Amino acid sequence: MELLTIGAFAKASRLSPKALRLYDELGLLTPARVDPDTGYRRYAPEQLEQARLVAWLRRLGMPLARIRQVCAMDPGEAAGEIRAYWARVEADTAARRDLAAFLVDHLTGKDPTMSRTTAPLALRYAALSDTGRVRPSNQDTAYAGSRLLAVADGFGGKGALAGAAAVDALRSLESETVPAGDLLNALEDALGRAERAVHGVSAPDDGIGGDDTDAGTTLTAMLWTGSQLALVHIGDSRVHLLRDGELFQITHDHTVVQSLIDEGRLTPEEAASHPQRSLLLRALGRGADSTPDLRLHDARAGDRYLLCSDGLSTVVPAGDIHRVLTDAPEPESAVRELVDLANASGGPDNVSCVVADVVAQA
Ligand code: MN
């Protein structure tokens, strides 16, 4: 078997000789032979496959230490490792994209050339949570105040407590005066409190017995700043915005089926009847990925927001939600009608709705 010089091997593998020397030093790609006198490295042709894999993984941005692990695995295991690595990259990128959008919105709001509405705005709101027709208890929490709107859908042994604790932890935002520039930090702190509160509920050794470590909750909340609504979203509760007669879903479900839809592996119709459609990718709870989606929305007089748990969205078609939000004169009648619709469709789950209107202050 003829060995390749480092120059020929570099050309074939698309790695530079300098990179090859580094990978040798790191134990990532050891030459087949190193000449004891000259120190020249020589490579076997069958090492090309591994070299190409290293080159592609470098192009993915994978750190060298992790590449070394992947190279030591069998192909199936390596595929899983690359998939896991990429899922993490996408989650990080999504969080950074949100942060960028948040900062753009924040700075755009400060731009003196942007026209501002002169009339101060306020929220008119209502919240309603119902057990539904099937479940023995209500593990949802719905909350609406002058500055905070929130829905939490608890799950597990102490799901009701977990959801309530998460919303409770956010309620200090109602009274805190948050300077606009400090909004992100205030939200981050509040989310930290919410997460600790949920972890407290699901502590394994509370002495009461039983396993409560599975307790967790979704959390979808909006904080009113006077001209904007900051959105924090983890899980599969949803926010819809009715603006100029059109209904927009402004949250993205953190569920397994939604990610399959995003990848083109499942149609929305198939997802609706999927047996694992409530399986969450993100939540507040032990061992769960709690990375929130964060957004800042400019409020306009006439906007109507709906926050709801999946107990509404899984049984009430979007067209019906649109109709109720368009027709109901007040937030109170809107939440009542939406909850009634869910129960009329069998009420298989707890159902929670928060409706808030952005109105010009009298
Ligand atoms: Mn639910």
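Everything here concerns the structure above.
Report on the accompanying structure. (Residues numbered from 1 in each chain as written. Predicted model: local features only at pLDDT ≥ 70, side-chain atom pairs only at ≥ 80, totals over all residues. Heavy atoms only, no water.)

The element strand E10 (residues 238–243) is largely enclosed, with a buried count of 6 among its 6 residues. Of the two faces of E10, the one lined by Arg238, His240 and Leu242 and the one lined by Val239, Leu241 and Arg243 are each fully buried. In the sheet, E10 pairs with strand E14 (residues 304–308) via 5 bridges, with the strands oriented antiparallel. In the sheet register, Arg238 faces E14, and the bridge partner there is Cys308. (Buried < 20%, exposed > 50% of the residue type's maximum accessible area, 1.4 Å probe, protein only. Helix = DSSP H or I, 4+ residues; strand = E, 2+ residues; numbered from the N terminus. Pairing = 2+ DSSP bridges.)

Let us now look at the packing of aromatic side chains. Under the criterion given, the structure shown has 2 aromatic pairs. Taking the centre distance of 4.2 Å and the plane angle of 5 degrees together, the rings of Phe9 and Tyr43 count as stacked. Of this pair, Phe9 sits in helix H1 (residues 6–13) while Tyr43 sits in strand E3 (residues 41–43), and the two are 34 residues apart along the sequence. You'll find Phe9 and Tyr43 in the same group, each marked buried. Between Tyr85 and Trp86 the ring centres are 6.4 Å apart and the planes differ by 55 degrees, which places this aromatic pair in the tilted class. By relative accessible area, which is 34% here, Trp86 ends up partly exposed. (Phe/Tyr/Trp six-rings, centres within 6.5 Å; stacked < 30°, edge-to-face > 60°.)

Let us look at the coordination of the manganese ion. Protein-derived ligands of the manganese ion are Asp153 (OD), Asp310 (OD) and Asp349 (OD), with the metal-ligand distances lying across 2.1 to 2.3 Å. For the manganese ion, the single-chain donor residues occur in sequence as D-x156-D-x38-D. Taken as a pair, Asp153 in strand E6 (residues 148–155) and Asp349 in the loop between helix H13 (331–344) and strand E15 (351–360) lie far apart in primary sequence, 196 residues in all. When sorted by exposure, Asp153 lands in the same class as Asp349, which is buried. (Donors = N, O, S within 2.8 Å, 3.2 Å for Na, K, Ca; no water.)

Moving on: the nonpolar core. Among the nonpolar cores identified, the biggest contains 31 residues, and Phe102, Leu173, Leu183, Leu187 and Leu219 are the most heavily contacted of them. Breaking this core down by element, the ones donating at least two residues are E6, helix H6 (159–170), helix H8 (183–201), strand E8 (219–224), strand E9 (228–234) and strand E13 (293–298). When residues in this core are grouped by element, the largest group, 9 residues, is from H8. In this structure Leu173 touches Arg147, Val178, Ala186, Leu187, Ala190 and Leu223, once residues within four positions along its chain are discounted. (Core = buried A, V, L, I, M, F, W, Y, C linked by side-chain atoms within 4.5 Å. Contact = heavy atoms within 4.5 Å.)

Moving on, we come to helix H4 (residues 64–71). Those residues of H4 lying buried are Ile67, Val70 and Cys71. When H4 is viewed along its axis, its buried side chains cluster within an angular range of 95 degrees and face the same direction. (Arc of directions from axis to C-beta.)

Turning our attention to the sheet that holds E10. The antiparallel open sheet is built from 5 strands, whose spatial order is E4-E15-E14-E10-E11. Because the sheet does not close on itself, it has two edges, and the strands there are strand E4 (121–130) and strand E11 (246–249). Strand-to-strand, the axes of this sheet are offset by a mean angle of 20 degrees, without reference to chain direction. Bridging between E10 and E11 involves 4 bridges; their strand directions are antiparallel. (Axes fitted to C-alpha atoms, helices over the stretch in contact; angles between N-to-C directions.)

Here H1 crosses helix H2 (residues 17–25) at 100 degrees, and the two axes come no closer than 9 Å. Viewed along their axes, H1 and H2 adopt a mutual orientation that is roughly perpendicular. Along its contact with H1, which presents Ile6, Phe9 and Ala10, the element H2 presents Pro17, Leu20 and Arg21. Split by residue class, the contact of H1 with H2 holds 5 nonpolar, no polar and 1 charged. (Parallel < 35°, antiparallel > 145°, perpendicular 65-115°, else oblique. Nonpolar A, V, L, I, M, F, W, Y, C, P; charged D, E, K, R; others polar.)

Taken as a whole and judged by the stated rule, the model has 17 salt bridges. When the shortest N-O distance is used, the salt bridge between Arg282 and Asp293 registers 3.2 Å. Note that Arg282 is positioned in the loop between helix H10 (268–272) and strand E12 (284–285) and Asp293 in strand E13, a separation of 11 residues in sequence. As far as the burial class goes, Arg282 and Asp293 line up, both buried. It is possible to trace a salt-bridge network through shared partners that takes in Arg124, Arg304, Glu330 and Asp357. (Salt bridge = Lys/Arg side-chain N within 4 Å of Asp/Glu carboxyl O.)

Geometric descriptors of this kind do not, in isolation, establish any biological role.
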